[in-house]
Amino acid sequence: MSEVKVRLRNVVKEFPARRGDKPVRAVDNISLDIYDGEFFAMLGPSGCGKTTTLRMIAGFEQPSSGEILIDGEPMQGVPAYHRPVNTVFQDYALFPHMTIFQNVMFGLEMARVDKKEARDRAMSALEMVRLPHIAQRKPRELSGGQQQRVALARALVKQPSVLLLDEPLGALDLKLRREMQLELKTMQQELGITFVFVTHDQEEAMTMANRIAVMDGGHVLQVGRSDEIYETPANRFVADFIGETNFLSGQLVAHSNKSGTVRLDNETLIQALLSHQDVVDSGEVVVAIRPERIMLRAYDEVIESTDNLNIINGQVRQVYYIGTDTRYIVRIGNDIDLTVRVQNTEYQKSLAFREMQTVKVLWDTTNARILTD
Amino acid sequence: MALWLTTLRRKHNELLLSVPALLWLVIFFIAPALLIIVISVMTRGSGGNPELPFTLDHYQRTFGVFSTVLQRSVWIAFLTTFICLLVGYPLALFIRTRQNPSMRRFALFLIILPFWTNFLVRTYAWQMLLGREGIINNFMLSLGLITEPLQLLNTEFAVLLGLVYGFLPFMVLPIYASVERFDFRYVEAAQDLGANYWHTFWRVMLPMTLPGVLAGCVLVFIPAIGAFVTPDLLGGRDGFMIGNLIQSQFRGTGNLPLGAAVSVVMLSLVIVPLFAYIRSGGEK
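Please read these numbers as outputs of a predicted model, since none were measured by experiment.

### Considering the nonpolar core
- Residues A:Leu8, A:Met42, A:Phe95, A:Phe106, A:Leu164 and B:Val204 are the most contacted members of the largest nonpolar core, which totals 84 residues.
- In contact with A:Leu164, other than residues within four places in its own chain, are A:Leu54, A:Ile57, A:Ala58, A:Val85, A:Asn86, A:Thr87, A:Val88 and A:Val196.
- Counting 48 residues, the second-largest nonpolar core is a separate cluster that includes A:Val150, A:Leu152, A:Leu156 and A:Leu163.

Here is the structure:
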């Protein structure tokens, strides 16, 4: 692995109590390594501490304890204006009294870059975001997407060691957001600058990031590539937050090194992989299965049983046709419903199931994971 | 055809609707101003009343013998505005950056509090503070900081002090309004781009709060240049300003045309910054 660009060691951020409330611990003992040239996403619901973490890297907040290093340098006591990072703000924060060109020039003027060189760099930054023609306009004359690009140019023109992005696409409509996601990703790959990206949108994080840190309640719950996080979530929160998941609660009645047997609340026994060795200590567990990993077969179809195949009976309760997929709600026991997504291929259409039809529900053991509740 | 007819009617309606406002302006502003201008070019008759023929003598005297008064007034008004700005901006910023909203409200309340007492009474209070036997002199004498009382009252300094004291709220309030609307994320954006506190203030914060600064300056400069209570009570002969000159010409057996001429000059002094302010406002 390449060198560490940003290192967080046991970083804690506590905000002082207000009016008799307890102090708020926004960030609770986070340790992270972000590598050179990486597109790193911090993902989590609002209030999970992702923005506070970003602001501490930028220097707008000081950690209550712990340490932040950028390029190996401790950032303790280094003011925001001396850090080798630049930020693209959530609502861009373009200076309204300056033209676009003046906005992009601002950072270079502060760094006392030679006038002529500064002008050239500012122009090429605007060309990079394909907006050289609006250099003389004021920010309020620009569309949201244009402002977003200018904010990007203004930050990148300083050639930062790390670019911080605080939900920069949040204010754009869906179509533009998708475009900008790809554009940002391409730009990051071409420039080779480390991007640290904060978002609450799991799809956005998965589209762009090399690695994702899933956060909740001031903690980092899991760090990994998007496929790692999707396929092997560390706990229930991660499984729930990333994508759609069925959770079946039950008791772990037997286990080997890798897999276990769970008795569901309706006495059905199912096999699933252990997400972690620690789950064997807790009797109450949940089994997580992604809806698209479950198959449905007609009740009378003969299925060859293998070691890895779970087969249980169910009854189709609801059917939703949603274009690419059909979504079935299948009851497999008292008050236990499974969501099943079946892609609408020609073959699947031929055996579309109806409501109240009895079916066989199948999944591979490797697609079910036992998590602590 | 219908279109130009509607346009015509709309224009007509606009004119009709503006009649009350125009009438008000003419009766209360334009007519008195014209009256003053006419009086200012008339001759002084018996008892100081204006008479024919027309003459420009009063303007000559205004710019002649009274030019020191004019200069002093402009200078004192300028200094008052400048000091109010120097004190008022940090004060407004300080109030704005208090975390507790009730603290902010209380601070603004304190700024407005002096208005509950008559301005004349407050100026007399300064007399008691600044006099030879006043509280400040007595206090410093008792501490042994000075051996004999300082001449505080009846100086330009006393006038300046009184004016700054009196008009500071007019500077703080509009600046506060501007600073309150100012989004402090721009400060973060500036610092993120490498601007230290000084540059952040000069390049980002001040330009974005300039409307409040200009409004404050106009609101302080205009009454300061025409002030007469403060220089009268605190300035003595050394603090004699245009306001006092005008007042003395209009009172008793003064010189009405001369008073009018000085008024016209003062009016034009006031109009210049006001016009500049309106123009700058028109751009934004």
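### Some remarks on the domain arrangement of chain A
All names here are of chain A.
- Taken domain by domain, chain A holds domain 1 (4–236) and domain 2 (244–371).
- Each of domain 1 and domain 2 has a C-alpha centre, and the two are 40 Å apart.
- Each partner contributes residues to the interface: domain 1 has eight residues there, and domain 2 has eight residues.
- Of the roughly 740 Å² buried where domain 1 meets domain 2, counting both sides, 46% is carbon and sulfur surface.
- For the pair domain 1 and domain 2, the number of links is one salt bridge.
- For Arg293, the salt bridge identified is with Glu231, shortest N-O distance 3.0 Å.
- Sort the elements by how many residues they give to the side of domain 1 that touches domain 2 and helix α7 (residues 226–231) lands first, with three residues.

### Remarks on the pattern of salt bridges
- Applying the stated criterion across every chain, the model contains 31 salt bridges over all chains.
- Note that A:Arg55 and B:Glu188 form a salt bridge whose closest N and O atoms lie 2.6 Å from each other. Here A:Arg55 is found in helix α1 (residues 50–58), whereas its partner B:Glu188 is found in helix α9 (residues 185–192) on a different chain.
- Here A:Lys175 ties to A:Glu179 by a salt bridge, and the two come within 3.8 Å at their closest N and O atoms. Here A:Lys175 pairs with A:Glu179, and both are found in helix α5 (residues 174–191), just four residues apart, close to one helical turn.

### What to know about helix α6 (residues 119–130) of chain B
All names here are of chain B.
- Its twelve residues give α6 an end-to-end C-alpha distance of 17 Å, which sits within 8% of 16 Å, the value for a rise of 1.5 Å per residue.
- Here α6 has its buried residues at Arg122, Thr123, Trp126 and Leu130. Down the axis of α6, the buried set is contained in an arc of 100°. They therefore lie on one face.
- Where the residues of α6 are buried, they touch α7 (135–143), α8 (156–181) and α12 (229–235).
- Capping of α6 at its N-terminal end is provided by Asn118; its side-chain oxygen lies 2.6 Å from the backbone amide nitrogen of Leu120.

### A short note on the interface of chain B and chain A
- Listed per partner, the contact involves 20 residues of chain B and 24 residues of chain A.
- Both sides of the chain B and chain A interface together cover about 2,000 Å² of buried area, and 58% of this is carbon and sulfur.
- Of all residues in chain B, the largest losses of buried area upon contact with chain A belong to B:Asp192, B:Leu193 and B:Arg203, amounting jointly to 37% of the total for that side.
- Seen at the junction of chain B and chain A, the total is three salt bridges.
- B:Arg185 is the salt-bridge partner of A:Asp91, the closest N and O atoms lying 2.5 Å from each other.
- Remark: the boundary between chain B and chain A carries eight residue pairs in polar contact (both at pLDDT 80 or more).
- The element contributing the most residues to the side of chain B that touches chain A is α9(B), with seven residues.
- Here the side of chain B that touches chain A is built from residues that sort into nine nonpolar, seven polar and four charged.

### Let's talk about the pairing of strand β12 (residues 259–264) of chain A
All names here are of chain A.
- Pairing of strand β11 (residues 246–255) with β12 involves five bridges; the strand directions are antiparallel. Pairing of Leu252 across the sheet is with Val262, part of β12.
- Hairpin remark: β11 followed by β12, antiparallel, with three residues in the connecting loop.
- Where β12 folds back on strand β13 (residues 269–274), the antiparallel hairpin that results is connected by four residues, among which Glu267 adopts a positive phi of roughly 75°.

### Regarding the sheet that holds strand β20 (residues 368–372) of chain A
Residue and element names in this part refer to chain A.
- The strand order around the closed barrel formed by five strands is β11-β12-β13-β20-β14, and the pairing between neighbours is mixed. Taking the axes of each pair of neighbouring strands and ignoring which way they run, one obtains an average angle of 55° across the sheet.
- The pairing of strand β14 (residues 284–289) with β20 spans five bridges and is antiparallel. Note that in β20 the partner of Ile289 across the bridge is Ala368.

Reading the values: rules and limits
- Residues numbered from 1 in each chain as written.
- Chains lettered and ligands numbered in written order.
- Predicted model: local features only at pLDDT ≥ 70, side-chain atom pairs only at ≥ 80, totals over all residues.
- Heavy atoms only, no water.
- Core = buried A, V, L, I, M, F, W, Y, C linked by side-chain atoms within 4.5 Å.
- Buried < 20%, exposed > 50% of the residue type's maximum accessible area, 1.4 Å probe, protein only.
- Contact = heavy atoms within 4.5 Å.
- Domains from an automatic or database assignment.
- Buried area = accessible area lost by both parts, 1.4 Å probe.
- Salt bridge = Lys/Arg side-chain N within 4 Å of Asp/Glu carboxyl O.
- Helix = DSSP H or I, 4+ residues; strand = E, 2+ residues; numbered from the N terminus.
- Expected span 1.5 Å × (residues − 1).
- Arc of directions from axis to C-beta.
- Polar contact = N/O pair within 3.5 Å; in protein donor to acceptor, adjacent residues only side chain to side chain.
- Nonpolar A, V, L, I, M, F, W, Y, C, P; charged D, E, K, R; others polar.
- Pairing = 2+ DSSP bridges.
- Axes fitted to C-alpha atoms, helices over the stretch in contact; angles between N-to-C directions.

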